[in-house]
Amino acid sequence: MPDIIRHLRPFGTAILLAIVGASLAACSGGDFGRTRADMRSDDMHRWLGGEATGSLGLKPSQFQLTDEERQLRDLAYPMIEPPLSRPAWKSVFGDYKALPSPWQQKVVFDRTMYGRTLIDEPHRSHSSRYAQLIEDVRNDTTRFEPFFASAIRVIDLDRKRNASMSRVSGLSQKERDDAVARMQENSLIIQWVQQCLEQRVSSYRWALERLVIQAPDGMAADADRLIGELAAQTANPPVQAQPPYGRAVVSKG
């Protein structure tokens, strides 16, 4: 009997560890790297506007977000968060963090970071690295149209907001300031995404070049084609980027 117990004890310990691990994962993170439920809320991305305006010394708007403005921020976050920026264990546990805007002086873009992370992370083969690159580029391409469709709607509504302010009776200075601040927030978030897309294209190209010289593969042609498509979209967005402050963002067409 003692011999049986000794043989069963490691098995029981393994089961206990598995149960504890599953419990921790359920408490700390969501499925497939999604942010856990207790971290999610309707306005979980509201901070994007305050971060963008605050980095330029501007005050954020105190207005509540409209449905369109909330959607704009929700669609912006995955395009702002750099790909492969979370270590594997953090992705599993649904890590979520605020990100600094591109107008923070201390933020310096490193186009090699994505490629170095892609190459240095353990992979089963070089083909899986190409597959990861292709997936990341394709994800950005898929997100492009929904985000900019939302951006156009928000810009059009902001035009109407701006035109109506002169006709609002008894408009207080605070109301005017909050309206202007919200339009600035929306404009800056769109420009933030545009800058991130330009940076991603540069990062993806650097990564592909290094993969080609380290491990040539026929998959490189597919990756190059997808990067070219994303670059073409980024170079001609339906919303024209403007300097971060002092001018309005305008939509084409």
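Preceding block: the structure.
Attention here is on the structure that accompanies the text.

Conventions we followed
Residues numbered from 1 in each chain as written. Predicted model: local features only at pLDDT ≥ 70, side-chain atom pairs only at ≥ 80, totals over all residues. Heavy atoms only, no water. Helix = DSSP H or I, 4+ residues; strand = E, 2+ residues; numbered from the N terminus. Buried < 20%, exposed > 50% of the residue type's maximum accessible area, 1.4 Å probe, protein only. Areas by Shrake-Rupley, 256 points an atom, 1.4 Å probe, with all protein chains shown as cover. Axes fitted to C-alpha atoms, helices over the stretch in contact; angles between N-to-C directions. Parallel < 35°, antiparallel > 145°, perpendicular 65-115°, else oblique. Left-handed = near helix turned anticlockwise from the far one by under 90°. Nonpolar A, V, L, I, M, F, W, Y, C, P; charged D, E, K, R; others polar. Phe/Tyr/Trp six-rings, centres within 6.5 Å; stacked < 30°, edge-to-face > 60°.

Considerations on the overall build of the chain
Stage number 1. Assigned secondary structure in the chain consists of eight helices and two strands.
Stage number 2. When its helices and strands are written in sequence order, the chain yields α-α-α-α-α-α-α-α-β-β.
Stage number 3. Sorting the 253 residues of the chain into buried and exposed places 37% on the buried side.
Stage number 4. Entry remark: accessible area of the chain is about 14500 Å², with carbon and sulfur atoms responsible for 57%.

Quick word on the packing of helix α6 (residues 126–164) against helix α7 (residues 173–214)
Stage number 1. It is the contact of α6 with α7, at a shortest axis distance of 10 Å, that shows an interaxial angle of 160 degrees. What the angle tells us is that α6 and α7 run roughly antiparallel. For the pair α6 and α7, the crossing hand works out as left-handed.
Stage number 2. A breakdown of the residues in the contact of α6 with α7 according to their chemical character gives 19 nonpolar, three polar and eight charged.

With respect to the packing of aromatic side chains
Stage number 1. In the structure shown here, the tally under the stated rule is three aromatic pairs.
Stage number 2. Seen from their ring centres, F144 and F148 are 4.5 Å apart, and the 40 degrees between their planes marks the pair as tilted. One end of the pair, F144, and the other, F148, are both in helix α6, four residues apart, so they sit about a helical turn from each other. You'll find F144 and F148 in the same group, each marked buried.
Stage number 3. An aromatic cluster is built from F144, F147 and F148, whose rings are joined through pairwise contacts.

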